Amino acid sequence: MGKFKHKIKPTEAGLAAADEQEREKETARKEEIVRAEQAEKRTALEKKIAAAVFLTAAAALLLISAMFFGLNVARMRDYENNYLRAEGTVVGFYLHGTGRRGARYSRILSYRFGEKEYELREGNSFRGVEETELGNTAEIYLNPLAPEDAVLLSEADNMSHFGAILFAFSAVTFSIGICFVKSWRDKSLKRFLWGYLPVMLLGTAFLLLFGLGLPEGGIAQVFARFSGALWYTAVTGIAAAVAATDAALSLFMKKRFP
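Residues numbered from 1 in each chain as written. Predicted model: local features only at pLDDT ≥ 70, side-chain atom pairs only at ≥ 80, totals over all residues. Heavy atoms only, no water.

**Section: the overall build of the protein chain**
Part 1 of the reasoning: Per the secondary structure count, the protein chain includes five helices and six strands.
Part 2 of the reasoning: Secondary structure of the protein chain in N-to-C order comes out as α-β-β-β-β-β-β-α-α-α-α.
Part 3 of the reasoning: By the burial criterion, 29% of the 258 residues in the protein chain qualify as buried.
Part 4 of the reasoning: For the protein chain, the accessible area works out to roughly 17500 Å², and carbon and sulfur atoms hold 62% of it. (Helix = DSSP H or I, 4+ residues; strand = E, 2+ residues; numbered from the N terminus. Buried < 20%, exposed > 50% of the residue type's maximum accessible area, 1.4 Å probe, protein only. Areas by Shrake-Rupley, 256 points an atom, 1.4 Å probe, with all protein chains shown as cover.)

Structure (C-alpha cells):
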C-alpha cells in the first residue's frame, strides 16, 4: 500500500495567532519608524537651537567690533582734521609700579607749542628704563585750541586691535554656527557662500573703511597707522585659505571617490 501525504490545515486559532504576530510586527516597525523620525526631529531642533545661539553670539560680537571700529575711525579722523602734528622729545620716565617681574615705566615726552613747553606721558608701559631712549623723538598729535591735549601718533589708534580681536571671535563663532546649518556633506561652493565668503567680505570692508579715518593718507597709510589692520587682514586671509583648502580637498575626494 502506498503512503498518503496529508496536508495539515491550519486551525482558526492558528490563523488568528499568525495574524496577531503580523500585526505586532507591523506595529513594532511603525513604532520604530516613529521613534527614528522623532529622534531626527530632536536632532534637527537641537542643531537649530545651537545654530541660533552661535549665530546670535557672532552677531553680538560683530556689533561690538563694529562699535570699536567706528569709534576708532571717528577719533582718527578727528585727529587728522582738527589736531596738529608736532615732535616730542623723550626727557624722562614715569614709574607705573613694581611687581614680580620688575618695575614698569613709560616715557615722558616734552613738546613745544608757541612759546610754552608741555609734557606728555606715554600710555603704554614697559619693563626697565632704556637710557638710550632719552633724547629720542616721536611724532604726536596736539590740539591747537588746548595744547596740553596731546597724544602720541603711535597711540592714537588704541582701539582698532580690540575691534579686530572681537571680529576674529565673531568669525569663529559664525563658522561654528554655520556648521549646524550647513552640513559638511554639502558642496564646497555652498560652504564657501555661507561660511567663508561673508567673513572675507566683512574683513575686506573693514580694511577699506579704515581709509575714512585718514582722509589725507587713504588706504596706503592704513597698515602703517592702524594696528588692527593686520588683524583684520589675518582673519580675512585665514578665511580665504580655509576656503581654498576646503575646495581642494573636496575636488580631491571627488576624483578619488567618484
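There's more to say after this.
**Examining the pattern of salt bridges**
Part 1 of the reasoning: Counted according to the given criterion, the structure contains five salt bridges.
Part 2 of the reasoning: E122 is the salt-bridge partner of R107, the closest N and O atoms lying 3.0 Å from each other. A residue pair is termed long-range when its members are at least 10 positions apart, and R107 in strand β2 (residues 102-113) and E122 in the loop between β3 (116-121) and β4 (126-127) qualify at 15 residues.
Part 3 of the reasoning: Exposure remark for R107: the relative accessible area of 14% places this residue in the buried category. (Salt bridge = Lys/Arg side-chain N within 4 Å of Asp/Glu carboxyl O.)

**As for the packing of helix α2 (residues 160-181) against helix α5 (residues 228-256)**
Packed helices, taken two at a time, are described by their axes: the angle between them and the distance between them.
Part 1 of the reasoning: The interhelical angle for the contact between α2 and α5, taken along N-to-C directions, is 15°, at an axis separation of 7 Å. When the interaxial angle is binned, α2 and α5 end up roughly parallel. Note that α2 runs across α5; the crossing there is left-handed. Residues S160, H161, G163, A164, I165, F167, A168 and A171 of α2 form the contact with α5, whose participating residues are G228, W231, Y232 and V235. (Axes fitted to C-alpha atoms, helices over the stretch in contact; angles between N-to-C directions. Parallel < 35°, antiparallel > 145°, perpendicular 65-115°, else oblique. Left-handed = near helix turned anticlockwise from the far one by under 90°. Contact = heavy atoms within 4.5 Å.)

**Digging into the pairing of strand β5 (residues 137-143)**
Part 1 of the reasoning: Counting buried residues along β5, five of its seven residues qualify, which places the element largely inside the surrounding structure.
Part 2 of the reasoning: The pairing of β5 with strand β6 (residues 146-152) spans four bridges and is classified as antiparallel. Directly across from Y141, in β6, lies its bridge partner V151.
Part 3 of the reasoning: What sits between β5 and β6 in their antiparallel hairpin is a turn of two residues. (Pairing = 2+ DSSP bridges.)

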